[in-house]
Amino acid sequence: MAEQSLLKRAVLAGIGAYLPAQILTNEDMAKRVDTSDDWITERTGIKQRHFAAPHETAAYMGAAAGRQALEQAGLPPEALGAIIVATSTPDQAFPSTAVHIQAALGAKNAFGFDLSAACSGFIYALSVADAMLRVNQVQAVLVIGSEVYSRILNFEDRGTCVLFGDGAGAVLLVAREVEKNGPGLLSTHLHADGQLADILYVDGAVGQKEKPGHLVMHGREVFRHAVNLLTGAVNEALSENGLTAADIDLLVPHQANRRIIDGVGRKLGLPPERVVTTVDKHANTSAASIPLALASAVASGQAKPGQLLLLEALGGGLTWGSALLRL
Ligand code: UT7
């Protein structure tokens, strides 16, 4: 019998999540701005969000999620070769959130850096980690999405402040030789269109004269692009791997809006039980939303070893992308 050749892949070895204790329901938001539970639920599917306390920074939450991922994998922090943090809300312009997390974890052999691609940041970070692992640059990478959007929300703008929440999720990826149908990242697909930079952005930065600013979103415009661009990225992942939607066990989408999540699920012909949805509990946590959704699906048993997961996200940039991951 011919021996099956092995492939080098980035395999998920552990996963972690952190959500701040403070929960704000839609009714709580209605006390701050002119909105209602009915409007938020009907337009977005969001019922509540977590908001960080002052000590809960992107580094603090990311370290907590990362520690959990290491514990689940049974690996010591010294085993890490790199830490990549996808965030738009870092503790400082520099040093990076990643080096704060490296210190907090005692991951003394890891290098680290932050990656900025807004809500697509986790998919972008997965792609970078995948490349580093495949070429043997490192053997274990902690990929973290960590965000404190409550600190960049404009609480005078009801069109955006009700949509976002805080939290962090982490995955530990390790390099493994596996069979073709074995676990790991099959491929990642990244896109950007800077011509659309002005439909979702933060109106300030440390490099500008003004103070770090607030999130601005032309929601209807973003929505208009979202389902089509995401469906394109998802189909690209399927066709590159010679797969069809029927091969997907679970869709793990960025959690911005239930209507966008359902729209992509419908285009793929996936029934609701094969689409992971956490937007009701977490709202939009930007780069943290996919690892948080993944952690929740693994914890509940919705995602099981051996299953094929399709991840997708779209965010400010615009940036968007997809990834195929076998657990
Ligand atoms: O994660 C990054 C990617 N982001 C996204 O994917 C978000 C994409 N966009 C969306 O999810 C939706 O566009 C939103 C949820 C942001 C908004 O939903 P929409 O159906 O596009 O509403 P809209 O912005 O067109 O506003 C409709 C109405 C407006 O009133 P008029 O002008 O029709 O009288 C708004 O003033 O709803 C009003 N409105 C609100 N009413 C109550 C806007 N925000 C609120 C609110 N409560 N919080």
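Whatever comes next refers back to the structure up there.
Note that the structure is a prediction, hence the values are computed from the model and not measured.

Caption draft 1: Highlighting the pairing of strand S4 (residues 82-86). Most of S4 is tucked away: five of the five residues are buried. Bridge analysis of S4 against strand S5 (residues 111-115) gives five bridges, and the strand direction is parallel. Each residue of the ladder has a partner; that of Val85, found in S5, is Asp114. Each parallel crossover has a hand, and for S4 linked through helix H4 (residues 97-105) to S5 it is right-handed. In this sheet, strand S6 (residues 140-148) lies alongside S4 in parallel orientation, the contact comprising five bridges. Bridge pairing links Ala82 to Val141 in S6.

Caption draft 2: Structural view of the site of the ligand. Surveying the vicinity of the ligand reveals 23 residues, the closest of which are Thr35, Arg43, Arg220, Asn257 and Asn284. Between a nitrogen atom of the ligand and a side-chain N or O atom of Thr35, the distance comes to 2.7 Å. With respect to the ligand, the side chain of Asn284 contributes an N or O atom lying 2.7 Å from an oxygen atom. For the ligand, the protein covers 75% of the area, taking 950 Å² as the surface of the free molecule. Listing elements by their share of the shell around the ligand, those giving two or more residues are helix H2 (37-44), helix H6 (158-161), helix H7 (219-240) and helix H8 (258-268). In terms of residue count, H7 provides more of the shell around the ligand than any other element does, four residues in total.

Caption draft 3: Highlighting the side chain of Ser150. With respect to the secondary-structure elements, Ser150 resides in the loop between S6 and H6. Under the relative-accessibility criterion, Ser150 is labelled buried at 15%. At a separation of 2.6 Å, a polar atom in the side chain of Ser150 contacts the side chain of Asp166. Other than its neighbours up to four places away in sequence, Ser150 contacts Phe51, Ala52, Phe155 and Asp166.

Caption draft 4: Focus on the sheet that holds strand S12 (residues 308-315). In space, the four strands of this open sheet follow the order S8-S13-S12-S11, with mixed pairing throughout. Looking along the sheet, the strands with just one partner apiece sit at the ends: strand S8 (184-192) and strand S11 (250-253). If you compare each strand with its neighbour and ignore which way they point, the axes differ by 15 degrees on average. Sheet strands touched by H8: S11 and S12. Its angle to S11, the strand with the most contacts, is close to 150 degrees.

Caption draft 5: Structural view of the side chain of Thr160. Checked against the element boundaries, Thr160 lands in helix H6. Thr160 sits in the buried class, given a relative accessible area of 0%.

Caption draft 6: Region of the structure containing helix H5 (residues 121-134). For H5, which comprises 14 residues, the first-to-last C-alpha distance of 20 Å matches the rise-based estimate of 20 Å (1.5 Å per residue) to within 8%. Here H5 lies mainly inside the structure; 11 of its 14 residues are buried. Residue Asn136 follows H5 closely and has a positive phi angle near 70 degrees.

Caption draft 7: Geometry of the sheet that holds S5. Across the sheet, which stays open at both edges, the five strands sit in the order S1-S7-S6-S4-S5 with mixed pairing between neighbours. Strands at the two margins of the open sheet, each flanked by one partner only, are strand S1 (7-18) and S5. Within this sheet the neighbouring strands show an average axis-to-axis angle of 20 degrees, counted without direction. In this sheet, strand S7 (residues 166-178) lies alongside S1 in antiparallel orientation, the contact comprising 11 bridges. In the strand pairing of S7, Ala10 is matched with Ala175.

Caption draft 8: Up close: the packing of aromatic side chains. Under the definition given, this model contains three aromatic pairs. The ring centre of Phe155 lies 4.2 Å from the NZ or CZ of Arg32, which sits over that ring.

Caption draft 9: Layout of the nonpolar core. Counting 43 residues, the largest nonpolar core has Leu268 and Leu310 as its most contacted members. Residue assignment for this core shows that the elements contributing at least two residues are H7, H8, S12 and strand S13 (319-326). Counting residues per element, this core draws most heavily on H7, which supplies eight residues. Residues contacting Leu310, with those up to four places away along its chain left out, are Val234, Ala237, Leu238, Ile248, Leu250, Leu251, Val252, Leu268, Ala323 and Leu324.

What counts and what doesn't
- Residues numbered from 1 in each chain as written.
- Predicted model: local features only at pLDDT ≥ 70, side-chain atom pairs only at ≥ 80, totals over all residues.
- Heavy atoms only, no water.
- Buried < 20%, exposed > 50% of the residue type's maximum accessible area, 1.4 Å probe, protein only.
- Helix = DSSP H or I, 4+ residues; strand = E, 2+ residues; numbered from the N terminus.
- Pairing = 2+ DSSP bridges.
- Right-handed = clockwise from strand over helix to strand, strands pointing away.
- Near = heavy atom within 4 Å.
- Polar contact = N/O pair within 3.5 Å; in protein donor to acceptor, adjacent residues only side chain to side chain.
- Areas by Shrake-Rupley, 256 points an atom, 1.4 Å probe, with all protein chains shown as cover.
- Contact = heavy atoms within 4.5 Å.
- Axes fitted to C-alpha atoms, helices over the stretch in contact; angles between N-to-C directions.
- Expected span 1.5 Å × (residues − 1).
- Phe/Tyr/Trp six-rings, centres within 6.5 Å; stacked < 30°, edge-to-face > 60°.
- Lys NZ or Arg CZ within 6 Å of the ring centre and 35° of its normal.
- Core = buried A, V, L, I, M, F, W, Y, C linked by side-chain atoms within 4.5 Å.

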